[in-house]
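# Notes for the structure review
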Amino acid sequence: MSDTNQRIAEIVGSNDVVLFMKGTPLFPQCGFSSRAVAILDHCGVAYESVDVLQDMEVRQGIKAFSDWPTIPQLYVKGEFLGGSDIMMEMYEAGELQALLDEKAVARAE
Amino acid sequence: MAAADITAMITAALPGAEVELRDLAGDDDHWAATVTAPQFAGLSRVAQHKLVYDALGGRMGGVLHALQLVTRVPN
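About the criteria used
- Residues numbered from 1 in each chain as written.
- Chains lettered and ligands numbered in written order.
- Predicted model: local features only at pLDDT ≥ 70, side-chain atom pairs only at ≥ 80, totals over all residues.
- Helix = DSSP H or I, 4+ residues; strand = E, 2+ residues; numbered from the N terminus.
- Buried ≥ 20, exposed ≤ 12 C-beta atoms within 10 Å, placed from the backbone.
- Contact = placed C-beta atoms within 7 Å.
- Rg over C-alpha atoms; globule rule 2.2 N^0.38 Å.
- Nonpolar A, V, L, I, M, F, W, Y, C, P; charged D, E, K, R; others polar.
- Pairing = 2+ DSSP bridges.
- Right-handed = clockwise from strand over helix to strand, strands pointing away.
- Axes fitted to C-alpha atoms, helices over the stretch in contact; angles between N-to-C directions.

### Brief notes about the overall build of chain A
Along its length, chain A carries 5 helices and 4 strands. Helices (α) and strands (β) of chain A occur, in sequence order from the N terminus, as α-β-α-β-α-β-β-α-α. Every one of the 109 residues in chain A was classed for burial, and the buried ones make up 39%. For chain A, long-range pairs separated by at least 24 residues make up 66% of all intrachain contacts whose partners lie at least 6 apart in sequence.

Here it is, written out as structure tokens:
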């Protein structure tokens with residue numbers, strides 16, 4: 001396992017909900033990342049975000065880690081859930097909220 | 001990428017798939033696609049999306065910057 005892979009695994013493993021995104025929740029730098037942030041905010045969960053624009057290794061490494069070509073990427077309890085399209089589809093179907101409840105992730109303060 | 005190219009690549013990899021494309025910005029670069037394919041049956045959403053990304057042969061996230069994707073199994 002490469003160092004980058006190891007680092008990503010540690011980030012994903014040590015936070016219940018992690019969003020790898022372009023920019024920050026306050027200042028998203030891409031429409032898809034902005035949409036992902038909005039969905040998580042609507043769900044009212046606490047989450048860690050990683051700005052891949054600040055880290056080229058993670059920006060490339062995360063795509064190999066999940067075998068997924070785009071950013072944002074959402075992880076819940078260590079599991080890759082999908083990008084913003086899947087998040088939106090799950091949110092609209094009520095599945096995302098149900099899954100976050102089921103996994104008992106911490107709520108946003 | 002032109003709509004015809006996107007559709008051709010997806011249907012080549014997923015025979016029988018139906019591809020609906022909407023040009024979001026009028027620039028041939030920002031697309032919304034709904035792909036309905038029998039091959040999606042029984043797969044998770046992540047696996048369904050991966051089939052489409054694989055069909056596009058690594059262009060996703062590169063040449064093809066923005067593709068909003070919805071996948072469906074035919075009724």
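### Regarding the overall build of chain B
Each helix and strand in chain B was counted, giving 2 helices and 3 strands. Element order for chain B, N to C, with α for helix and β for strand: α-β-β-α-β. What you see for chain B is a C-alpha radius of gyration of 11 Å, in line with the 11 Å of a compact globule of 75 residues. Here the C-alpha coordinates of chain B stretch approximately 35 × 20 × 20 Å along the principal axes. In chain B, which comprises 75 residues, the share counted as buried stands at 27%. For chain B, restricting intrachain contacts to residue pairs at least 6 apart in sequence, the fraction spanning at least 24 positions comes to 49%.

### Here we look at the interface of chain B and chain A
Each side of the interface is counted separately: chain B has 9 residues, and chain A has 7 residues. Of all the secondary-structure elements, those providing two or more residues to the side of chain B that touches chain A are helix 2 (45-55) and strand 3 (66-72) of chain B. Take the side of chain B that touches chain A: its biggest share by element is 4 residues, from helix 2 of chain B. Class assignment for the residues of the side of chain B that touches chain A results in 5 nonpolar, 3 polar and 1 charged.

### Looking at the pairing of strand 3 of chain B
It is a general feature of regular strands that their side chains alternate between the two faces of the sheet. All names here are of chain B. What you see with strand 3 is a clean split: Leu 67, Leu 69 and Thr 71 sit on the buried side and Ala 66, Gln 68, Val 70 and Arg 72 on the side with no burial. In the sheet, strand 2 (residues 30-36) pairs with strand 3 via 7 bridges, with the strands oriented parallel. Counted as the bridge partner of Ala 33 is Leu 69 from strand 3. A crossover connection joins strand 2 to the parallel strand 3 through helix 2; in handedness this β-α-β unit is right-handed.

### Points about the sheet that holds strand 4 (residues 79-82) of chain A
All names here are of chain A. Spatial ordering of the open sheet is given by 2-1-3-4, a layout of 4 strands whose pairing is mixed. Each having just a single partner strand, strand 2 (48-51) and strand 4 make up the two edges of the open sheet. Taking each pair of neighbouring strands and ignoring which way they run, the sheet shows an average axis angle of 25°. Note that strand 1 (residues 17-21) and strand 3 (residues 73-76) share 4 bridges and pair antiparallel.

### Here we look at the sheet that holds strand 3 of chain B
Residues and elements named next belong to chain B. The 3 strands are arranged 1-2-3 in an open sheet whose pairing can be described as mixed. Strand pairing shows two members of the sheet lacking a second neighbour, strand 1 (18-23) and strand 3, which therefore form its edges. The average angle at which neighbouring strand axes cross in this sheet is 15°, direction not considered. Packed on one face of the sheet, helix 2 meets strand 2 and strand 3 and runs near 125° to strand 3.

Shape is all these values report; function is a separate question.
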